[in-house]
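Chain and residue survey
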Amino acid sequence: MNYQLGTWYPSKGRVRSDFGEYWKGILLKGKCTAIIFNYTGARRIHYGDSFDPTTGTIRYIGEGKEGDQQLNPRNKRLSELKDKKSAVDVFLDCGDIFSPKHLLYAGKWQVDRVEYCSIDGRKVYLFTLTPHSQGIVEFLRFTFFDTEHQLFEKSVSEFAQVREA
């Protein structure tokens, strides 16, 4: 599947339909794998997903809302990708700034570490991902974290308010 870094894609009309999956955060189709990373404003529950702009890594909590997570097909796929050249497409859920919902493509990443650990009293799969290129980290830093250019979120918020009106 061909996506462009920094491009907004319709969630259901493109991303989820490409994978044939409309409710999960880990998307599978054949050998292709993607995750929807819950960034600011996302309606989905945040389980501890985070991006560290200093190290350029993503911490992504696996699938399973309650109780201890299981090694289901989606968690298993991400686990099997550890240290392989296979890429995971990452999409950011930045909330409902578009109608219908859009996801921001954050490039190709690789799974570097998998832990089955306790977080908030339950066992979860914690995946650490790193980007396939430094350009991805630079894009994310500029878009969301650069103190000199922190107009993105303000602009998106203003856009959403104008669109709503």
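Residues numbered from 1 in each chain as written. Predicted model: local features only at pLDDT ≥ 70, side-chain atom pairs only at ≥ 80, totals over all residues. Heavy atoms only, no water.

Attention now moves to the overall build of the chain. Counting its regular elements, the chain contains four helices and eight strands. The linear arrangement of helices and strands in the chain, starting from the amino end, is β-α-β-β-β-β-α-β-β-β-α-α. In the chain, once contacts between residues fewer than 6 apart in sequence are set aside, the share between residues at least 24 apart is 59%. Just so you have it, the chain exposes about 9,000 Å², and 51% of that area is on carbon and sulfur atoms. (Helix = DSSP H or I, 4+ residues; strand = E, 2+ residues; numbered from the N terminus. Contact = heavy atoms within 4.5 Å. Areas by Shrake-Rupley, 256 points an atom, 1.4 Å probe, with all protein chains shown as cover.)

The next point concerns the pairing of strand 2 (residues 26-29). Pairing between strand 2 and strand 3 (residues 32-38): four bridges, direction antiparallel. The partner of Leu28 across the bridge, within strand 3, is Thr33. Between strand 2 and the antiparallel strand that follows it, strand 3, lie two residues; Gly30 among them carries a positive phi value of about 60°. (Pairing = 2+ DSSP bridges.)

So, about the pairing of strand 8 (residues 122-131). In terms of burial, strand 8 is a largely internal element, eight of the ten residues being buried. Of the pairings in the sheet, the one linking strand 7 (residues 102-119) to strand 8 comprises ten bridges and is antiparallel in character. For Glu115, the partnering residue across the bridge sits in strand 8 and is Leu126. (Buried < 20%, exposed > 50% of the residue type's maximum accessible area, 1.4 Å probe, protein only.)

The subject of this paragraph is the packing of aromatic side chains. If you walk through the whole model with that rule in mind, you get seven aromatic pairs. Plain terms: the ring middles of Tyr3 and Phe91 are 4.9 Å apart, the flat faces sit at 90° to each other, and that makes the pair edge-to-face. One end of the pair, Tyr3, is in the segment before strand 1 (8-10); the other, Phe91, is in strand 6 (residues 88-93), with 88 residues separating them in the sequence. Of the residues examined, Phe91 reaches a relative accessible area of 0% and is grouped as buried. Ring centres of Phe51 and Trp109 lie 6.4 Å apart, and the angle between their planes is 85°; this geometry places the pair in the edge-to-face category. (Phe/Tyr/Trp six-rings, centres within 6.5 Å; stacked < 30°, edge-to-face > 60°.)

As a further point, take the nonpolar core. Counting 24 residues, the largest nonpolar core has Tyr60, Leu92, Trp109, Leu129 and Leu140 as its most contacted members. Looking at this core, the elements that each hand over two or more residues are strand 3, strand 5 (57-61), strand 6, strand 7, strand 8 and helix 3 (134-145). Sequence-distant contacts of Leu92, defined by excluding residues within four places in its chain, comprise Phe37, Tyr39, Leu103, Leu104, Ala106, Leu140 and Phe144. In this structure, Tyr9, Ile36, Leu103 and Tyr105 belong to the second largest nonpolar core, which totals ten residues. (Core = buried A, V, L, I, M, F, W, Y, C linked by side-chain atoms within 4.5 Å.)

Here the phi dihedral of Asp120 falls at roughly 55°; this positive angle occurs in a residue that is not glycine. Mapped onto the elements of the fold, Asp120 is located in the loop between strand 7 and strand 8.

Mapped onto the secondary structure, Phe51 falls in strand 4 (residues 50-52). Filtering out sequence-adjacent residues up to four positions away, Phe51 remains in contact with Phe37, Gly56, Thr57, Ile58, Trp109, Leu140 and Phe145.

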